[in-house]
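Descriptive structure summary
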There are 2 protein chains.
Amino acid sequence: MQLEVRSKTWLEADGKFIMGEHGIALLDAIDELGSIQHAARRVGWSYRRAWGYLKTMEQHAGVPILVTSHGGTAGGGTRLTPQARKLLRDYKRLQKMVRATIQRKSRLLFSY
Amino acid sequence: MQLEVRSKTWLEADGKFIMGEHGIALLDAIDELGSIQHAARRVGWSYRRAWGYLKTMEQHAGVPILVTSHGGTAGGGTRLTPQARKLLRDYKRLQKMVRATIQRKSRLLFSY
DNA sequence: TACCGATATGTTCGACCGTACATATCGAGG
DNA sequence: CCTCGATATGTACGGTCGAACATATCGGTA
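Keep in mind that what you see is a predicted model, and the values were worked out from it rather than measured.

1. Comments concerning the overall build of chain A
Counting its regular elements, chain A contains 4 helices and 4 strands. The C-alpha radius of gyration computed for chain A amounts to 17 Å, which surpasses the reference 13 Å derived for 112 residues by more than 25%, pointing to a less compact arrangement than a globule. Dimensions of chain A, computed from the C-alpha atoms along their principal axes, are close to 60 × 30 × 20 Å. With 112 residues in all, chain A has 42% of them scored as buried.

What follows is the structure in structure tokens.
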């Protein structure tokens, strides 16, 4: 038997979901591409889905995450707030540490 | 903003779900009570749900988890195999370490 | 001022999942 | 040999969630 240990880590505020791994990937893409549209495409989501995800994210987090603009030739765009960037950094660090813990320890356990 | 970090840990084999926290609680209860019926009640599940959960668990894990008996005045019962007990122990240890990691680190991160 | 590309929303349909309900089976003990 | 309590399964219903489709709006720029 080859057992694998898997895990998910996500953020909540007041018991309400803010974001998980997918949200992180989405925000990363937004940060790089400056657009929800393009970011959604990059991570394989529909614009509708990404938009809904971000909407509830901003509602539940008490912090401004996105700065959006309408119109213009480019149609508008979306950038991240400094707080959002810090959130990304922190989440990734924690994620990395959790993964390391699991990998290091699960090697010892679960041998059959 | 009061952010909380949450996480789930579960076991897979071959990419297929074996069990998570709820399954652990269920197996614990079975170990103590000697019956799926009673264990399910204890953890607030219907017998049907517990049975289905255990079924796929045993299908996906390559290891015998349960020893069941039919009939008799007691109607039968279910006990855990030694492997199942080890699995429980290992999972709980890992879980504890993951939680500790998250708690210790998330204190430092996510301050706004 | 008409156009274009992105944000902003509502809505409907189908898949998936747990819940509820119903039933069959087994076997020691009275 | 009949009863009782637990295992063993099938099925139908309802809610949730993402996917797909349809619009509305905004505002630099040509």
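2. Some words on the pairing of strand β1 (residues 3–13) of chain B
Residues and elements named next belong to chain B. The element β1 is extensively covered by neighbouring structure, given that 8 of its 11 residues are classed as buried. Summarising the sheet, β1 and strand β2 (residues 16–19) pair through 3 bridges and their orientation is antiparallel. Note on β2: the bridge partner recorded for A13 is K16.

3. A look at the environment of S7(B)
Note that S7(B) resides in strand β1. Sequence-wise, S7(B) and V98(B) are 91 residues apart; in three dimensions their C-alpha atoms are separated by 8.6 Å. Every residue in contact with S7(B), bar those within four places of it in the chain, is listed here: K8(A), T9(A), W10(A), V98(B) and I102(B).

4. Quick word on the nonpolar core
Counting residues in each nonpolar core, the largest one holds 64 residues, and the members touching the most others are L27(A) and L27(B). Each residue touching L27(B), except ones within four places of it in the same chain, is listed here: M19(B), L54(B), M57(B), I65(B), L66(B), L80(B) and L88(B).

5. Some thoughts on the side chain of S35(A)
All names here are of chain A. Relative to the helices and strands, S35 is located in the loop between α1 (21–33) and α2 (36–43). Among the residues examined, S35 registers a relative accessible area of 12% and is labelled buried. A distance of 3.0 Å separates a polar side-chain atom of S35 from the backbone nitrogen of H38. In contact with S35, not counting residues within four places along its chain, are I30 and T78.

6. Topic: the protein's contact with DNA strand C
Taken together, 22 residues sit near DNA strand C, with I36(A), Y47(A), R48(A), R49(B) and G72(B) positioned nearest. Near the protein, meaning within 4 Å, the atoms of DNA strand C are sugar or phosphate in a fraction of 63%, with bases accounting for the rest. One nitrogen or oxygen atom from the main chain of A74(A) is found 3.3 Å from a sugar or linking oxygen belonging to DNA strand C. Only α2, α3 (47–60), β3 (66–70) and β4 (76–80) of chain A together with α3 (47–60) of chain B provide two or more residues apiece to the surface near DNA strand C. For the surface near DNA strand C, the leading source of residues is α3(A), giving 4 residues. Across the surface near DNA strand C, the residue classes tally to 4 nonpolar, 14 polar and 4 charged.

7. Some words on the side chain of S106(B)
Mapping S106(B) onto the fold places it in helix α4 (residues 82–106). Here I102(B) takes part through its backbone oxygen, which lies 2.8 Å from a polar atom of the side chain of S106(B). The residues contacting S106(B), other than those within four sequence positions of it, are L94(A) and V5(B).

8. What to know about the packing of aromatic side chains
The geometry of an aromatic ring pair comes down to the distance between the two centres and the angle between the two planes. With the rule as written, the count across this model stands at 4 aromatic pairs over all chains. Sitting above the plane of the W45(A) ring, R49(A) keeps its charged end 4.0 Å from the centroid.

9. A word on the protein's contact with DNA strand D
Lining the immediate environment of DNA strand D, one finds 23 residues, of which G72(A), T73(A), I36(B), Y47(B) and R48(B) sit closest. Among all atoms of DNA strand D positioned within 4 Å of the protein, those belonging to sugar or phosphate total 65%. Going through the elements one at a time, α3 of chain A together with α2 (36–43), α3, β3 (66–70) and β4 (76–80) of chain B are the ones with two or more residues in the surface near DNA strand D. Considering every element that reaches the surface near DNA strand D, the biggest residue donor is α3(B), with 4 residues.

Calculation rules
- Residues numbered from 1 in each chain as written.
- Chains lettered and ligands numbered in written order.
- Predicted model: local features only at pLDDT ≥ 70, side-chain atom pairs only at ≥ 80, totals over all residues.
- Heavy atoms only, no water.
- Helix = DSSP H or I, 4+ residues; strand = E, 2+ residues; numbered from the N terminus.
- Rg over C-alpha atoms; globule rule 2.2 N^0.38 Å.
- Buried < 20%, exposed > 50% of the residue type's maximum accessible area, 1.4 Å probe, protein only.
- Pairing = 2+ DSSP bridges.
- Contact = heavy atoms within 4.5 Å.
- Core = buried A, V, L, I, M, F, W, Y, C linked by side-chain atoms within 4.5 Å.
- Polar contact = N/O pair within 3.5 Å; in protein donor to acceptor, adjacent residues only side chain to side chain.
- Near = heavy atom within 4 Å.
- Nonpolar A, V, L, I, M, F, W, Y, C, P; charged D, E, K, R; others polar.
- Phe/Tyr/Trp six-rings, centres within 6.5 Å; stacked < 30°, edge-to-face > 60°.
- Lys NZ or Arg CZ within 6 Å of the ring centre and 35° of its normal.

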